[in-house]
Amino acid sequence: MPGASTPSSYASSAPTKTAASVLVLGAADGAVLGLDSAKSARASLDDMMRAIEFTGKAGSTARIPSPKGFAADSVLLVGLGSFDPTGSGPETESANQEALRRAAGTALRGLNGADQIAVALPAATPADVEAVTVGADLGAYRFLDYVSDDGDKAPGAVTVLGPKGRPFAAAHKAGATIAAATNRARDLVNTPPLDLYPETFAQLVSDQGKDRRLKVTVLTEKELQAGGYGGILGVGQGSTRGPRLVKVEYAPKGARRHLSFVGKGITFDSGGLSLKPAASMEDMKSDMSGAAAVVQAVFAIAELGLPVRATAWLPLAENMPGSSAIRPSDVLKMRSGKTVEVTNTDAEGRLVLADALADADAENPDLLVDVATLTGAQVVALGTRTSGVMGTESARTAVTEAAAAAGEEMWAMPIPEEMLTGFESNAADLKNSGPRHGGMLAAAAFLREFVGDETAWAHIDIAGPSFNTASAFGYTPVGGTGAAVRTLIELARDAD
Ligand code: BES
Ligand code: MN
Ligand code: ZN
C-alpha cells in the first residue's frame, strides 16, 4: 500500500506574481477575495466573473485563462459560499475555516494532471492557512493503487500561498501532517479485504509505527487465547485469517494527560452466520474505519509532538461465516470476565470493542474514546455525514467541541436508561443484540458495560460518515473519508 498523494508546500509570493499552470482563487458574493494589493488584476478578474456569471456559490468552480497581470497560465475560481471576510468571533472563524477547507478541497479534487498548482485563498491567520492546507491536501487525495492507468488522474505539485512568517509556515506544516494522517486512514479503508486483513493490517501498523519510533504491540491468536479475549476471538474464528489486537503507544516525557483511543477493526463484515444480504455487504471493507482513524490520529499526534500521552487500541478481526464460525446462541467469555450470548453474529463490532475497551480502561486514561462503524441505525438517525457521539457528559462535550473546531459533523446523543434491559439474556450476563429501535443508542449501552463508572468515555458511531457512497463534495472523496481522524487530533491539541 504505497502512500497517498504528495503533500503541498508553502510559499509567500504574491498570487499575481506566482508562476503556475493553475492559480486557485476564491470568490464570494460575486467578488474575488485575497487580491487586495493587486487592484487592477482584481478588477479585470471581477469583470470576467460577471461575464461568466460566477457568483461564488459553495462547491462551484470555473477555470479561465488568466487575465492580464497574472503570471499563472490559468485561474481556477472556486466558490467560498458563506465566507465572511469581515466577520469575527469563534463561530464565524470556524465557519470561515470550513469554507476554506471545502473550497480548497473542491479545487484540488477537480484538477487532474495540472503540473503546478498554486492555491491563493484568503487566509489571514495561521489557523486559516492550516485550513487551506488541510482542504487542499485532502482534495488532492486519489486512491489509484488498483487502477492500471493512473497517468493523468492526480494533481501535480501544489503550493499553498499565504502570509510570510514562522507561525504561518508552522500552520502549513501542521495542516499537511493532519491531512496526511487522514489520507493514510482513507488508504487503509479503501484497500480491498483480500489484501488488508488482521495480519497485514497489524504488519502495516508495526511498520508505520517503527518509522515514527513508537511502541507497537501485536497480540496474535495464541496470545489472545492466553489473555481470555473471547470477544475478539469469537468474532474472528469464522475466518481463515485470524484476529489480532494491536496497541500503539506515544508517551512523550512530561505528559500529564493520557488519551486512549479504541477503533473497531473489522477488516470485512459479512455478518457471519447471521449473513448480510448482498447489497448490505458491498461496502463492508470499510468496517475497519474506526481502527484506521485511531491509529493514524496517534501517528499524527506523535508527528506534531503534542505533549500528551496517546494510545491506540485496534481489535482486528474478519467476520466470516466459515465452518468454525460462532453460532447464534453461543456464549463468549469476554476479556473483562463478563459472558455474552451471541444472538446475532452481525452485531460483532461491540464484541471486539468490548475486549479492547476493557484493556484500555484498565490503564485509567483521562479520556477514553472509541470510534466505530457500529450500527446501520446511526445512518437512519443522523444521515451519512453526521456521526453520533454518546457517553459520559464531559467526554461527549469534549468530542463534539473538538469536532466543531476540526470541521467534522458530530452530534451528541443520549443513552436512555431503558436500553440496557433489552440486552438481558437467559443464558449469559448479556446478549449482544438488544432493542431494534434506537439501535445506535442501544449499542452504546452495551459498550458502556465494559467501561468503568469513573472513566470519562465517549463512543463515536461513524457508520455513515466513514465511507462516502454518494458523490464527492468539498474535500471529501467517494470511498473512505478518514472520518474522526481530525477530531481525535484536535482532542489531543486541547488536552495539554
Ligand atoms: N458494520 C455494521 C454496521 C454498519 C452498517 C456500518 C452500515 C456501516 C454501514 C455492524 O456490524 C452491523 O452489522 N450492525 C448491525 C447490528 C444489529 C445486528 C444489532 C446493524 O446495524 O444492523
Ligand atoms: Mn455486523
Ligand atoms: Zn460491523
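To be clear, the structure that these remarks concern was listed above.
Residues numbered from 1 in each chain as written. Chains lettered and ligands numbered in written order. Predicted model: local features only at pLDDT ≥ 70, side-chain atom pairs only at ≥ 80, totals over all residues. Heavy atoms only, no water.

Another point: the overall build of the protein. For the protein, the count of helices and strands is 14 helices and 21 strands. Projecting the C-alpha coordinates of the protein onto the three principal axes gives extents of approximately 80 × 45 × 45 Å. Out of the 496 residues in the protein, the part that is buried amounts to 57%. When contacts within the protein are restricted to residue pairs at least 6 apart in sequence, those whose partners lie at least 24 apart make up 75%. Accessible surface, the protein: about 19,900 Å² in total, of which carbon and sulfur atoms supply 50%. Put simply, the protein has 44 plus and 57 minus side-chain charges, and the middle of one group is 5 Å from the middle of the other. (Helix = DSSP H or I, 4+ residues; strand = E, 2+ residues; numbered from the N terminus. Buried < 20%, exposed > 50% of the residue type's maximum accessible area, 1.4 Å probe, protein only. Contact = heavy atoms within 4.5 Å. Areas by Shrake-Rupley, 256 points an atom, 1.4 Å probe, with all protein chains shown as cover. Lys, Arg positive; Asp, Glu negative; His and termini not counted. Charge placed at Lys NZ, Arg CZ, Asp CG, Glu CD.)

The next subject is helix 12 (residues 393–406). Under the 1.5 Å per step criterion, the end-to-end length of helix 12 is 20 Å for 14 residues, consistent within 8% with the ideal 20 Å. Residues Ala395, Val399, Thr400, Ala402, Ala403 and Ala406 constitute the buried set of helix 12. Each buried residue of helix 12 lies within a common arc of 160 degrees when the element is viewed along its axis, so the set occupies one face. Opposite the buried face of helix 12, by more than 90 degrees, sit the exposed residues Glu393, Ser394 and Glu401. Looking at the buried side of helix 12, the elements it contacts are helix 2 (90–110), strand 15 (367–372), strand 16 (387–391), strand 17 (410–412), strand 19 (457–461) and helix 14 (485–494). Backbone geometry just after helix 12 places Gly407 at a positive phi near 85 degrees. (Expected span 1.5 Å × (residues − 1). Arc of directions from axis to C-beta.)

For the coordinates displayed, the defined rule picks out three aromatic pairs. Pairing Phe446 with Phe450 gives two aromatic rings, centres 5.3 Å apart and planes at 45 degrees, and the pair type is tilted. The exposure class of Phe446 is buried, given its relative accessible area of 0%. Each member of the aromatic cluster is reached from another via a ring pair, and the members are Phe423, Phe446 and Phe450. Cation over ring: Arg186 sits above Tyr141, and NZ or CZ is 5.3 Å from the ring centre. (Phe/Tyr/Trp six-rings, centres within 6.5 Å; stacked < 30°, edge-to-face > 60°. Lys NZ or Arg CZ within 6 Å of the ring centre and 35° of its normal.)

Here the focus is the coordination of the manganese ion (ligand 2). Protein coordination of the manganese ion (ligand 2) is provided by Asp269 (OD), Asp346 (O), Asp346 (OD) and Glu348 (OE), with donor distances spanning 2.0 to 2.2 Å. Coordination at the manganese ion (ligand 2) is irregular: its six donor atoms span angles of 70 to 169 degrees at the metal. Within one chain, the residues serving as donors to the manganese ion (ligand 2) are arranged as D-x76-D-x1-E. Between the manganese ion (ligand 2) and the zinc ion (ligand 3) the interatomic distance comes to 3.1 Å, and Asp269 is a ligand of both metals. Placement of the pair is Asp269 in strand 11 (residues 265–269) and Glu348 in the loop between strand 14 (339–341) and helix 10 (349–362), with a sequence separation of 79 residues. With respect to burial, Asp269 and Glu348 carry one shared label: buried. (Donors = N, O, S within 2.8 Å, 3.2 Å for Na, K, Ca; no water. Tetrahedral: all angles 85-135°; square planar, octahedral: opposite > 155°, others 65-115°.)

Moving on, we come to the pattern of salt bridges. Side-chain pairs of opposite charge can arise where the charged atoms are in close proximity. A complete count under the given rule lists 18 salt bridges for this structure. For Glu249, the salt bridge identified is with Lys247, shortest N-O distance 3.8 Å. Each member of the pair, Glu249 as well as Lys247, is classed as buried. Close ionic contact of Arg493 with Glu490 constitutes a salt bridge, the shortest N to O distance being 3.6 Å. (Salt bridge = Lys/Arg side-chain N within 4 Å of Asp/Glu carboxyl O.)

It is worth spelling out the sheet that holds strand 13 (residues 331–333) at this point. One open sheet holds the three strands; their spatial order is 13-14-18, and the pairing between them is mixed. With partners counted over all chains shown, the strands left at the sheet margins are strand 13 and strand 18 (430–431), one partner each. Bridge count for strand 14 against strand 18 is two bridges, and the pairing is parallel. Along strand 18, the bridge assignment pairs Glu341 with Lys431. (Pairing = 2+ DSSP bridges.)

Turning our attention to the site of ligand 1. Near ligand 1, the surroundings consist of 15 residues, among which Lys276, Asp287, Asp346, Glu348 and Gly376 are the closest. Interatomic distance of 2.8 Å between a side-chain N/O atom of Asp346 and an oxygen atom of ligand 1. Interatomic distance of 2.7 Å between a backbone N/O atom of Gly376 and an oxygen atom of ligand 1. When ligand 1 sits alone it has 520 Å² of accessible area, and the protein chains cover 75% of it. Across the shell around ligand 1, the residue classes break down as four nonpolar, four polar and seven charged. (Near = heavy atom within 4 Å. Polar contact = N/O pair within 3.5 Å; in protein donor to acceptor, adjacent residues only side chain to side chain. Nonpolar A, V, L, I, M, F, W, Y, C, P; charged D, E, K, R; others polar.)

Looking now at the coordination of the zinc ion (ligand 3). Taken together, the protein donors to the zinc ion (ligand 3) comprise Lys264 (NZ), Asp269 (OD), Asp287 (OD) and Glu348 (OE), at separations of 2.0 to 2.4 Å. For the zinc ion (ligand 3), the six donor atoms in the first shell make angles of 78 to 174 degrees at the metal, so the coordination geometry reads as octahedral. Taken in chain order, the donor set of the zinc ion (ligand 3) reads K-x4-D-x17-D-x60-E.

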